[in-house]
Amino acid sequence: MADSPEDAVETGRFDPRNQLPDPDRFDVVIVTGSYARIGDDSDWIETLQRYIRKRVAARRPTVGVCFGHQLVASALGGSVDSLPDGAAGYRQVELTEEGRKHPLFDDVPDQFETFLWHLDHVTNVPDGATVLARRGETVQSFALQDAPVVGIQFHPEVTPRLARELAAQADASTPSGDAIVETIPDEPAEPGRVSQQFYRNLVTAPRLGDTR
């Protein structure tokens, strides 16, 4: 996007509690994190799940991050369950054999440190999906095999400064703020490098669902 003329790129930010754009309008849709949870009895969650299914049926590139990762998985028939004690802070994530071959993780170490902050997790991916990364029993990333759709549970966008802000905002509805603070690296260069490489891959991957 940085290399494109300013008037050549259209972006939009939409609140699913109000109105979503036409499923075919944007080349890529990112479903972000949220303080909501999949099990919440909210009409907008069902609306967004239907929207995701339309994107997938049309084979339109779609990315889910954290809550979005869980929402994409559940919308397509995967399972999301509560994670005892949640997960918070900078933690190790490990690529699967399929993840090591996926363009989303080109030049990313087999094990890497990244930021987690979630109370629920994907336990089973949808039919036709491949697990790309795990932390224990938690699916940290998956990709559909026949559509350009990926999910990531971790937060590559979180810097140590932002991590401290999240820790300060933590309450009974979130994972522990103390758990975040105790993991913030003194030398954040490696998590930062991994995040930059991941974003580079996300932008340049010719098709999010491709494996080699």
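You'll find the structure just up there.
Here we summarise the structure given alongside this text. Here the structure is a predicted model, which is why all the values come from computation and not from measurement.

## Considerations on the environment of Ala 58
Point 1. Inspection of the secondary structure puts Ala 58 in the loop between helix 1 (43–57) and strand 2 (62–65).
Point 2. The class for Ala 58 is partly exposed, based on a relative accessible area of 39%.
Point 3. In this structure the C-alpha to C-alpha distance between Ala 58 and Thr 138, which are 80 residues apart in sequence, comes to 28 Å.

## Examining the nonpolar core
Point 1. Grouped together as the largest cluster of nonpolar side chains are 24 residues, with contacts concentrated most on Leu 48, Ile 52, Phe 67, Leu 71, Phe 142 and Leu 144.
Point 2. Secondary-structure elements contributing two or more residues to this core are strand 1 (29–31), helix 1, helix 2 (67–75), strand 5 (129–135) and strand 6 (138–144).
Point 3. When residues in this core are grouped by element, the largest group, six residues, is from helix 1.
Point 4. Core analysis: the second largest hydrophobic core is formed by 21 residues, Val 93, Phe 105, Leu 116 and Ala 133 among them.

## What to know about helix 4 (residues 160–169)
Point 1. Buried residues of helix 4: Pro 160, Ala 163, Leu 166 and Ala 167, and no others. The arc that holds the buried residues of helix 4, viewed along the axis, is 110°, so those residues lie on one side. Along helix 4, the residues that are exposed and aim more than 90 degrees away from the buried face are Arg 161 and Ala 168.
Point 2. Contact partners of the buried residues in helix 4: strand 3 (79–95), strand 4 (111–124) and helix 5 (177–181).

## A look at the pairing of strand 6
Point 1. When you tally the buried positions in strand 6, you get seven out of seven residues, the bulk of the element.
Point 2. Hairpin connection of strand 5 to strand 6: two residues between the antiparallel strands, including Gly 136 at a positive phi of 60°.
Point 3. Two elements, strand 6 and strand 7 (residues 149–152), share three bridges in a ladder whose sense is antiparallel. Note on strand 7: the bridge partner recorded for Ser 141 is Ile 152.
Point 4. Hairpin remark: strand 6 followed by strand 7, antiparallel, with four residues in the connecting loop.

## Concerning helix 1
Point 1. Between its first and last C-alpha, helix 1 extends 21 Å over 15 residues, near the 21 Å set by a 1.5 Å rise per residue.
Point 2. Looking at helix 1, one finds that the buried residues are Trp 44, Ile 45, Leu 48, Gln 49, Tyr 51, Ile 52, Arg 55 and Val 56. Buried residues of helix 1 fall within an arc of 160° about the axis and therefore sit on the same side. In this structure, helix 1 carries Asp 43, Lys 54 and Ala 57 as exposed residues pointing more than 90 degrees from its buried face.
Point 3. Summarising the contacts, the buried residues of helix 1 are in contact with strand 1, strand 2, helix 2, strand 6 and strand 7.
Point 4. Looking one or two residues beyond helix 1, the residue adopting positive phi is Arg 59, at roughly 55°.

Conventions used here
- Residues numbered from 1 in each chain as written.
- Predicted model: local features only at pLDDT ≥ 70, side-chain atom pairs only at ≥ 80, totals over all residues.
- Heavy atoms only, no water.
- Helix = DSSP H or I, 4+ residues; strand = E, 2+ residues; numbered from the N terminus.
- Buried < 20%, exposed > 50% of the residue type's maximum accessible area, 1.4 Å probe, protein only.
- Core = buried A, V, L, I, M, F, W, Y, C linked by side-chain atoms within 4.5 Å.
- Arc of directions from axis to C-beta.
- Contact = heavy atoms within 4.5 Å.
- Pairing = 2+ DSSP bridges.
- Expected span 1.5 Å × (residues − 1).

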